[in-house]
Amino acid sequence: QVQLVESGGELVQAGGSLRLSCAASGRTITYDAMGWFRQAPGKEREFVAASSRTGSSYGDSVKGRFTILRDNAKNTVYLQMNNLKPEDTAVYYCARRSSSSYGTIYVREKEYDTWGQGTQVTVNS
């Protein structure tokens, strides 16, 4: 059983940067599809970024500003967030899909079966 723990969320000024971490334990996630989602108050959970063995994908609102990264030696996935905006304020969740098809990048919430507890990111204007 894989457990995911996010960290790195904090209060930041608009235009600033943050790096969120998602540390996995229980088994290696080297070959697993991983994703980041976020949920703002009063809104549905939204796709942010996803990574598979063949590439990555980003939500339209974060393209060019956010990057999903992996460190297989640390069994950790990161979300590098640059040029943050107040509308990026949300709880950010890391997710893992336990089985995946080679070449497929998963962008829907229901495609993931393991979730972390979330980390709060607040961007002040």
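Calculation notes
- Each chain carries its own residue numbering, running from 1 in the written order of its sequence.
- This being a predicted model, a pLDDT of at least 70 is required before a residue's local features are given, and a value of 80 or more before pairs of side-chain atoms are given or counted; all residues contribute to the totals for chains, interfaces and linings.
- No hydrogens and no water enter the side-chain calculation; it runs on all heavy atoms of the structure.
- Paired strands, as defined in this entry, are two strands with at least two bridges between them according to DSSP.
- Where helices and strands are cited, they refer to DSSP runs of H or I of at least four residues and of E of at least two residues respectively, numbered from the N terminus.
- To get an axis, fit a line to the C-alpha atoms, keeping to the stretch in contact for a helix; angles then go from 0 to 180 degrees between the N-to-C directions.
- Classification of ring pairs uses Phe, Tyr and Trp, with its six-membered ring standing for Trp, and accepts pairs whose centres are within 6.5 Å; under 30 degrees between planes counts as stacked, over 60 as edge-to-face, and the remaining range as tilted.
- Partly exposed describes any residue whose relative accessible area lies between the buried limit of under 20% and the exposed limit of over 50%, with all areas from a 1.4 Å probe on protein chains only and scaled to the type maximum.
- Look at NZ for Lys and CZ for Arg. If either is within 6 Å of the ring centre and within 35 degrees of the ring normal, a charge sits over the ring.

(A) Broad picture of the sheet that holds strand β3 (residues 18-25). One open sheet holds the four strands; their spatial order is β1-β3-β8-β7, and the pairing between them is antiparallel. At either end of the open sheet lies a strand with only one pairing partner, and these are β1 (3-7) and β7 (66-71). Strand after strand, the sheet turns through a mean of 20° between neighbouring axes, direction not considered. Alignment of β3 against strand β8 (residues 76-81), held across six bridges, turns out to be antiparallel. Bridge pairing in β8 links C22 to V77.

(B) Looking closely at the packing of aromatic side chains. Scanning the model with the defined rule gives four aromatic pairs in all. Pairing Y112 with W115 gives two aromatic rings, centres 6.4 Å apart and planes at 70°, and the pair type is edge-to-face. When its relative accessible area of 6% is taken as the criterion, Y112 is described as buried. A relative accessible area of 25% means that W115 is categorised as partly exposed. By way of ring pairs, the aromatic residues F37, F47, Y112 and W115 are connected into one cluster. A cation sits over an aromatic face here: R45 above W115, 4.6 Å from the ring centre. Over the ring of Y106 we find R97, and its NZ or CZ is 4.1 Å from the ring centre.

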